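Per-entry structural report
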Amino acid sequence: MRLRDVRQLPTSEQLAEYSPEAIERYMQSLHIDQFGETVSENCYCGSPGLLKCSGCHSTRYCGKEHQVSDWKKHKKSCPRLKRDYNDEQWRNTTDQTLHMPPATTIDGTKVTDWKSYHAASGCTDNFDSPTFRHLTIRLTDGLTVFTALRTFDLDPQRMDSLCVDVLGSRNAFEVDAYSLVLKRLLPSTCNLTVRFFGPELDPTMKTAATPSWVQLHKGLYHELAAASSVLPAMAAVFTPGPEDSWIPTFKHLLDKKIPVMIATFDQEDLEGCTFPMLEPLAPKVVKYERNPVGSLVTAAPRNSWILLIRGD
């Protein structure tokens, strides 16, 4: 179980107050909900959950007494669970056609996180609304690349041309995200090229609506890039898996001194999967942190953590 799966479990002190039979009833009632949380239809004492927290609508109690006694622990997770509940209600009742903010160009010099993007983009939806949070699922890829470029001191505002390689792409959703986001953040004078690479990428997904600055390449990056004379300003890697094919790809990037941005669903993906592949290559770590422009929807934790590296 992951740490996020045990946030709603009762403390050992609470369980010690009840019989083994009550504890067994509670543990048997646990299930993983659609947000990856461990929840129960019962109170932590094992009795049927007759009351729901009026804030998050998720955590159940047998009565007022146990709800009050649990508040000290529950109040830490209640706001997050309430946001998840509101997101679920939004998905179930709302037309989910997501429209981009009205601004066709955005002053990238003012964008460092979601709040600054929300203000600069002229978005009419409230920052805390489910609509804007779900929009961040589409925005996060392009915005993550943009903020990583600036961290590497590759400020697009000062560049006449920019080539970015994107690795691990699988579908048109990701290609569309770049054409909607990244181009808007760049000055009109910057000549942008984004090259998408992936063994599962289908080049036929490129249509008449696909921007001319987007290129699609099917195959392993280190094999295709070796035949190209063009070096990108940066390579963006999204959710690399445990496949051994990633090792020569990372080696190629680091040998060529190409700055690399790696974004994953969570910290465990980075430390459990990506770190073991990178350690023998001894890259220089530029930044390792929770992504300030990762998806804001708990049920879709896209690009939650980022690692920026380069070859020495």
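Up top is the structure.
To keep things clear, this report deals only with the structure shown in the data block. (Residues numbered from 1 in each chain as written. Predicted model: local features only at pLDDT ≥ 70, side-chain atom pairs only at ≥ 80, totals over all residues. Heavy atoms only, no water.)

**A closer look at the sheet that holds strand β7 (residues 214-218)**
We count it as follows: When DSSP finds two or more bridges between a pair of strands, those strands are recorded as paired. Strands here mean DSSP runs of E at least two residues long; helices mean DSSP runs of H or I at least four residues long; both are numbered from the N terminus. Fitted lines through C-alpha atoms give the axes, limited to the stretch in contact for helices. The angle between two N-to-C directions lies from 0 to 180 degrees. In what follows, a contact means two residues having at least one pair of non-hydrogen atoms within 4.5 Å.
What the seven strands build is an open sheet, ordered β7-β6-β5-β8-β9-β11-β10; its pairing is mixed. Both outer strands of the open sheet, β7 and β10 (284-290), are each paired with one neighbouring strand and no more. This sheet shows a mean twist of 15° between the axes of neighbouring strands, independent of strand direction. The pairing of strand β5 (residues 161-167) with strand β8 (residues 234-238) spans four bridges and is parallel. Bridging across to β8, Val-164 finds its partner in Met-234. This element, helix α6 (residues 130-151), spans β5, β8, β9 (260-264), β10 and β11 (305-310) of the sheet and lies at about 140° to β8. Strands β9, β10 and β11 of the sheet are contacted by helix α10 (residues 267-278), whose axis makes an angle of about 20° with β11.

**Structural notes on α10**
Rules: The buried label goes to any residue with under 20% of its type's maximum accessible area, the exposed label to any with over 50%, and the partly exposed label to all in between, with areas taken from a 1.4 Å probe on protein chains only. For this quantity, the arc is that covered by the directions from the helix axis to the C-beta atoms. What qualifies as a polar contact is a pair of N or O atoms within 3.5 Å, subject to a donor-acceptor requirement within protein and to the restriction that residues adjacent in sequence count only when both atoms come from side chains.
For α10, the set of buried residues is Leu-270, Cys-273, Thr-274, Met-277 and Leu-278. Looking down the long axis of α10, one finds its buried residues gathered within 125° of arc, a one-sided arrangement. Buried residues in α10 make contact with α9 (246-255), β9, β10 and β11. With a side-chain oxygen lying 3.2 Å from the backbone nitrogen of Glu-268, the N-terminal cap of α10 falls on Asp-266.

**Regarding the environment of Trp-246**
You can see Trp-246 is positioned in helix α9. Residue classification places Trp-246 among the buried residues on the basis of a relative accessible area of 11%. Separated by 31 residues in the primary sequence, Trp-246 and Met-277 have C-alpha atoms spaced 7.9 Å apart. With residues near it in sequence (within four places) discarded, Trp-246 still touches Leu-167, Gly-168, Val-237, Pro-240, Gly-241 and Met-277.

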